[in-house]
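Listed here are the chains, written in short residue letters.
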Amino acid sequence: MRTLEPVHAAALCAGAAALLLADGRSRAAARARVVLAGSGVEKTQPGWSWRRLWLRLVARVGREWWCVPVAVLLAVVGRSLLPLVAGAVAVPLVRRRLRGRARARSRDMRADEVIALCGSVAAELRAGLQPGQALLHAAGAGRALGAAEPAVIAAARFGGDVPAALREAAGEPGAEGLAGVAACWSVAVGGGAGLAAGLDRLEAALRAEREQEEDLRAQLAGARSTVVLLALLPVAALGIGTAVGADPLRVLLHTPVGLLCLLGGAVLETAGVCWAARIVRGARKEAP
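Along each chain, numbering runs from 1 in the same order as the chain's sequence is written. At least 70 in pLDDT is required for a residue's local features to be given in this predicted model, at least 80 for side-chain atom pairs to be given and counted, and no such filter applies to totals for whole chains, interfaces and linings, which use all residues. Hydrogen atoms and water are omitted, and side-chain values are computed over all heavy atoms in the structure.

Chemist: Would you explain helix H7 (residues 162-169) in this entry?
Modeler: Using a 1.4 Å probe on the protein chains alone, a residue whose accessible area is under 20% of its type maximum counts as buried, one over 50% counts as exposed, and one in between counts as partly exposed. The numbering of helices and of strands both runs from the N terminus, where a helix is a DSSP run of H or I of at least 4 residues and a strand a run of E of at least 2. Along H7, the positions that sit buried rather than exposed are Val162, Pro163, Ala165, Leu166 and Ala169. The buried side chains of H7 occupy one side of the element, clustering within an arc of 160 degrees when seen end-on. Each polar contact in these results corresponds to two N or O atoms within 3.5 Å; when the atoms are within protein, one needs to be able to donate a hydrogen and the other to accept it, and residues that are neighboring in sequence are counted only if both atoms are side-chain atoms. A distance of 3.4 Å separates the backbone nitrogen of alanine 164 from a side-chain oxygen at the start of H7, and that oxygen is part of aspartate 161. This arc corresponds to the set of directions leading from the helix axis out to the C-beta atoms.

Given below as structure tokens:
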């Protein structure tokens with residue numbers, strides 16, 4: 001089996017070189033099309049490329065499914081079915097992690113859209129528009145209202161209960177600031193206070209909260225990097241052991257002592273990562 005490892009490495013290197021060469025050719029063709037744009041040279045439509053094929057494959061197949069080929073490779077190299085089992089278990093875990101990150105990004109984008117909505121409505125009010133018209137103009141330029149946008153637009157256009165529609169829209173993740181917009185709207189309509197001034201203060205408060213959250217996230221980035229580095233140390237140790245000819249996969253997957261060490265290491269690794277993640281979450285909750 002050791003004689004096959006150079007063949008595997010050579011195949012991987014050849015595949016990487018082919019991808020880089022194809023990508024370089026596609027970029028050169030794109031630059032040529034830009035240079036020749038507007039000239040008398042006939043432009044040809046690009047066909048397919050390795051890069052496009054790769055992007056389409058990644059778009060259609062979720063990134064969590066890339067655990068399967070890695071598990072198959074480890075199973076072939078280690079001549080064991082345990083990597084296949086680990087790969088099957090890793091797919092839902094990685095999918096859950098990726099979906100959580102996607103939800104966090106969507107929540108942050110929604111919060112930024114709400115801040116932009118406050119500034120846009122205040123600017124439209126200072127330009128002389130009525131509150132309903134200002135909200136209609138500002139809502140069409142962003143996605144802060146989300147799924148509740150038709151209800152809010154209908155209320156603003158036909159004289160409905162705009163604060164109630166805004167409070168309903170504030171129930172979605174990242175749109176909590178719309179509750180403040182609803183409060184400013186109610187005060188401005190009922191008490192005669194300036195809506196533009198209230199929205200300005202709300203925008204400043206929401207922006208300060210976002211900046212504080214970004215600062216906290218930057219401070220915790222070092223701790224997350226340390227956790228990831230420590231979690232990858234066993235993988236690096238396996239690679240070093242394989243490089244020096246110790247064959248750690250055979251020991252771990254085909255001997256009783258190795259299986260016991262593998263089980264204990266997996267339990268300790270999982271406990272350590274969960275503990276570190278709990279510490280990070282606790283630090284975020286304790287932040288002012």
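Now that the structure has been shown, the text picks up again.
Chemist: Is there a simple way to think about a positive patch on the surface in this case?
Modeler: Like-charged residues within 9 Å of one another, or nonpolar side chains (Val, Leu, Ile, Met, Phe, Trp, Tyr) within 5 Å, are grouped into patches, provided each residue has over 30% relative accessible area and no salt bridge. All accessibility values rest on the Shrake-Rupley procedure with a 1.4 Å probe; residue burial counts only the protein chains present in the view. For salt bridges, the criterion is a side-chain nitrogen of Lys or Arg within 4 Å of an Asp or Glu carboxyl oxygen. When charges are counted, Lys and Arg contribute as positive and Asp and Glu as negative, whereas His and the chain ends are disregarded. A charged residue contributes its charge at one atom only: NZ of Lys, CZ of Arg, CG of Asp or CD of Glu. A cluster of like positive charges, contributed by Arg63, Arg97, Arg101, Arg105 and Arg224, occupies part of the molecular surface. The element best represented in the positive patch is helix H4 (residues 82-126), accounting for three residues. As for its position among the elements, arginine 97 is in helix H4.

Chemist: Honestly, unusual backbone geometry in this entry has me stumped. Any pointers?
Modeler: For arginine 79, which is not glycine, the phi dihedral falls at a positive 50 degrees. The exposed category is assigned to arginine 79, whose relative accessible area is 51%.

Chemist: Sorry if this is basic, but what is going on with the side chain of arginine 110 here?
Modeler: Topologically, arginine 110 is positioned in helix H4. Side-chain polar atoms of arginine 110 contact the backbone oxygen of leucine 145, separated by 3.0 Å.

Chemist: What's the story with the pattern of salt bridges in this structure? I'm lost.
Modeler: Opposite charge on two side chains makes pairing possible when the charged atoms of those side chains draw close. Under the definition given, this model contains twelve salt bridges. Here glutamate 214 makes a salt bridge to arginine 210, at a shortest N to O gap of 3.3 Å. Taken as a pair, glutamate 214 and arginine 210 lie in helix H9 (residues 195-243) at a separation of four residues, close to a single helical turn. Linking glutamate 214 and arginine 217 is a salt bridge whose minimum nitrogen-to-oxygen distance equals 3.7 Å. With glutamate 214 and arginine 217 both in helix H9 and three residues apart, this pair spans about one turn of that helix.

Bear in mind that shape data such as this cannot, by itself, settle questions of function.
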